[in-house]
Each structure stands twice: as C-alpha cells, then as structure tokens.
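# Secondary and tertiary structure notes
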Amino acid sequence: MTTINQATQTIAGAGLGLRRSLLSSLTGNDIVEAAANAIDFFEVAPENWIGIGGRLGRQLREISERTPVIAHGLSLSIGGSTPLNTQLVKDIKQFLDQHQMPIYSEHLSYCADDGQLYDLLPLPFTEEAVKHAASRIRQVQDILERRIAIENISYYLVPEQTMSEVEFINAVVKEADCDLLLDVNNVYVNSQNHNYQPEDYINQLEAEHVSYIHVAGHYREDDGLIIDTHGADVIDPVWSLLDQAYQRFGQLPTLLERDFNLPSLTDLKQELDVIKRIQARTQTTNRQTQHKAVGGHHA
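Residues numbered from 1 in each chain as written. Predicted model: local features only at pLDDT ≥ 70, side-chain atom pairs only at ≥ 80, totals over all residues. Heavy atoms only, no water.

Let us now look at the packing of helix H8 (residues 184-194) against helix H10 (residues 236-249). Relative orientation and spacing of two packed helices are given, respectively, by the angle between their axes and the distance between those axes. In contact at an axis separation of 9 Å, H8 and H10 are set at 120 degrees when each is read in the N-to-C sense. One finds that H8 runs oblique with respect to H10. As H8 runs across H10, the sense of the crossing is right-handed. Facing H8, whose interface residues are Val184, Asn185, Val187 and Tyr188, H10 presents Pro237, Val238, Leu241, Leu242 and Ala245. Broken down by class, the residue content of the contact of H8 with H10 amounts to 8 nonpolar, 1 polar and no charged. (Axes fitted to C-alpha atoms, helices over the stretch in contact; angles between N-to-C directions. Helix = DSSP H or I, 4+ residues; strand = E, 2+ residues; numbered from the N terminus. Parallel < 35°, antiparallel > 145°, perpendicular 65-115°, else oblique. Left-handed = near helix turned anticlockwise from the far one by under 90°. Contact = heavy atoms within 4.5 Å. Nonpolar A, V, L, I, M, F, W, Y, C, P; charged D, E, K, R; others polar.)

Shown next, in the form of structure tokens:
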C-alpha cells in the first residue's frame, strides 16, 4: 500500500485550489505558466471532475501532466451512518490513477443521510464515533490501496462530547492508521467559537500523522461567531498558527483555499508568497537549531 507520507515527497511548497472559474478565464497553459512561477501544486475536488471531458477535461490533463495535482474529497461522508458509497471510492481510485495524484484527503464529518445534505456536519466526540469513523476510513484505504488523510473540520455544535476535539482527532487517526490534513484556519475558527487555545491544540496533535496543511480565510459575524467561508484573505493569527505548525511538524506542503470572492491570480500569488516566506523562515530556523545541536554535541 502506498502511504501518504511517501507520496508527499513529490508535493512540496505552496499550492492552490484549482477552481473552474480560474479555468474559465485562463487556458491550461496559462495556469501551468503561473504554477511555474508561484504555484507548486494544485488541489481539486474529485467529485467535480470525475467523468468531465471536453475542454475542461483536456485542461485538467494538461495541467496534471506538468504540475502536481492532489485530490480533496467533498461528499464521501466518511463518518455517516448510511452505507459507504463504494462505487464513488472506486471512481476516485480511477481518477487518482489517471492523473497520478499522490494524495487523497477527505473531511472527518458526515454529509449524507439517504441523500446529500450539502454541508459538512460534525461527528460526536465519543469513543463509539471514533471506532465507526476509523472503520470506514480503513475500508476506503483498502479499496484505494493507499493511505488517505482526513481533515479536521470547522463546527458550530457538537452532538455529543465525552472527549475534547483534539483527543477525538488523535484517536481517529490512530485507530484508522491514516494521516491528518491539518486545517489551521479551522483550528483558529473552532478555538474562537468554542473558547480554547489554538496553540495548545497544535501542540497536542500527534506529529507523525500530520501530512499536509490547509490555510484559508473566514468571516466574523457581528455577534462574534466566526464562519469558515474560504472567501477572504488569511488573517495574521492564522498565519501565526501556520508558523507554529511548521515549527512542530516541519515544512509540510500547504494549500491556500479560496472558494469564492476570488481575487486576481496576482493577489492569490501574494498569499502563496506568504506561505513560502514562512516555510523558508522555518527551514532556516531548523537548520540553525541543528547546527547548534551538532556544535553542542562535539563540544
């Protein structure tokens, strides 16, 4: 079985979600040229691309042949109670193989109940939910013949809670033997809405499971509630959390999510440059730390 950690050796730097709105205004070659200068990889939702032919299909093939592309699922309902959609998993496997995508991730949530709910809903933070979600993740991994990464979601209510959010996340990835897609914006959003310290959350995650990172913007309501929108610029506290994540987990590949209110590609590149600057600073800091450790050892 291919592991995500092995696969991420070919994915590095800063990536961008490949939205169809980008393709509607740019040709495949334009996107590839932009990637050569600023975008190290793209991420797509496989449900939006499976079976797509014509101009869009050709553009995706054009891009994936020259720039790494990874997949981030939206509708598998990994924590749901209805039977897992195994045909969708098989279709995703074919899609991943077709475009040689080294990473596939999904949300630790449910989004279907005898029909698509069109939202990512939280699971109970309980031992029963841990075992249920982990069993379904293992089933997906068996069909795909590869490890997957699950993402910590933003949530606004918890159905039932006998453990903390971070304890729940750690328990699922350990039980499932899968990887974690760490969304630092979701950590920040949840910390503000549910009154915990986001730095403590980052420090409590089991480092060996974290394989790559998402960063995004959000919207604050007048009453202080924060909504995870992916429709705004990343704010400074989230950039600081990203910096902390690199310090703890290393310089992991990081994707900038922007789903609507899309600015120009030039503006998106500016945020990608922030990611790369933080990564470079982390690399320099780690190199200096290692140098001091070696010097101290010889001394």
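Let's pick the thread back up.
Here we take up unusual backbone geometry. Despite not being glycine, Asn195 has its phi angle at roughly 60 degrees, a positive value. With respect to the secondary-structure elements, Asn195 resides in the loop between H8 and helix H9 (198-204). If you check the backbone angles, His230 has positive phi at about 60 degrees while not being a glycine. The topology assignment puts His230 in the loop between strand S11 (226-227) and H10. Residue His230 is classed as buried on the basis of its relative accessible area, which comes to 10%. (Buried < 20%, exposed > 50% of the residue type's maximum accessible area, 1.4 Å probe, protein only.)

Burial along strand S12 (residues 254-257) is two-sided: the face carrying Thr254 and Leu256 and the face carrying Leu255 and Glu257 are both buried. Both strand S1 (residues 14-17) and S12 contribute to a ladder of 3 bridges, which runs parallel. Bridge pairing in S12 places Ala14 opposite Thr254. Here strand S9 (residues 210-216) runs beside S12; their pairing, made up of 4 bridges, is parallel. Bridged to Val215 within S12 is Leu256. (Pairing = 2+ DSSP bridges.)

One can find Thr86 in helix H5 (residues 86-98). Not counting residues up to four positions away in its chain, the partners in contact with Thr86 are Gln139 and Ile143.

With that out of the way, let us pick up helix H6 (residues 127-144). Counted at 1.5 Å a residue, the expected span for H6 with its 18 residues is 26 Å, and the 26 Å between its end C-alpha atoms agrees. Listing the buried residues of H6 in full gives Ala129, Val130, Ala133, Ala134, Arg136, Ile137, Val140, Gln141 and Leu144. Taken end-on, H6 shows its buried residues confined to a sector of 165 degrees, consistent with a single buried face. In H6, the exposed positions that point more than 90 degrees away from the buried face belong to Glu128 and Asp142. Buried-residue contacts for H6 involve H5, strand S4 (104-107), strand S7 (149-151) and helix H7 (165-176). (Expected span 1.5 Å × (residues − 1). Arc of directions from axis to C-beta.)

To continue, consider the confidence of the model for the chain. Close inspection of predicted coordinates is inappropriate in any region flagged by low pLDDT. Mean pLDDT over the chain works out to 87, with 85% of the residues at or above the 70 mark. For residues 1-9, every residue scores under 50 in pLDDT, and the model assigns this stretch 23 contacts once sequence neighbours within four places are set aside. (pLDDT = per-residue confidence, 0-100.)

Taken together, the 8 strands give a closed barrel; going around it, the order is S1-S2-S3-S4-S7-S8-S9-S12, and neighbouring strands pair in parallel fashion. Sheet twist, expressed as the mean angle between neighbouring strand axes with direction ignored, is 30 degrees. Pairing analysis gives 3 bridges linking S4 to S7, with the strands arranged parallel. Opposite Ser105, over in S7, you have Ala149 as the bridge partner. Relative to the sheet, H10 contacts strand S8 (179-183), S9 and S12, its axis offset from that of S9 by approximately 170 degrees.

A separate point is the environment of Glu43. Its place among the elements puts Glu43 in strand S2 (residues 41-44). Judged by its relative accessible area of 3%, Glu43 is buried. When the C-alpha atoms of Glu43 and Leu16 are compared, they prove to be 6.2 Å apart, with 27 residues separating the residues in sequence. What Glu43 contacts, discounting residues up to four positions off in sequence, is Leu16, Gly17, Leu18, Arg19, Ile70, Ala71, His72, Tyr212, His214, Leu255 and Glu257. A distance of 3.2 Å separates a polar atom in the side chain of Glu43 from a polar atom in the side chain of Tyr212. (Polar contact = N/O pair within 3.5 Å; in protein donor to acceptor, adjacent residues only side chain to side chain.)

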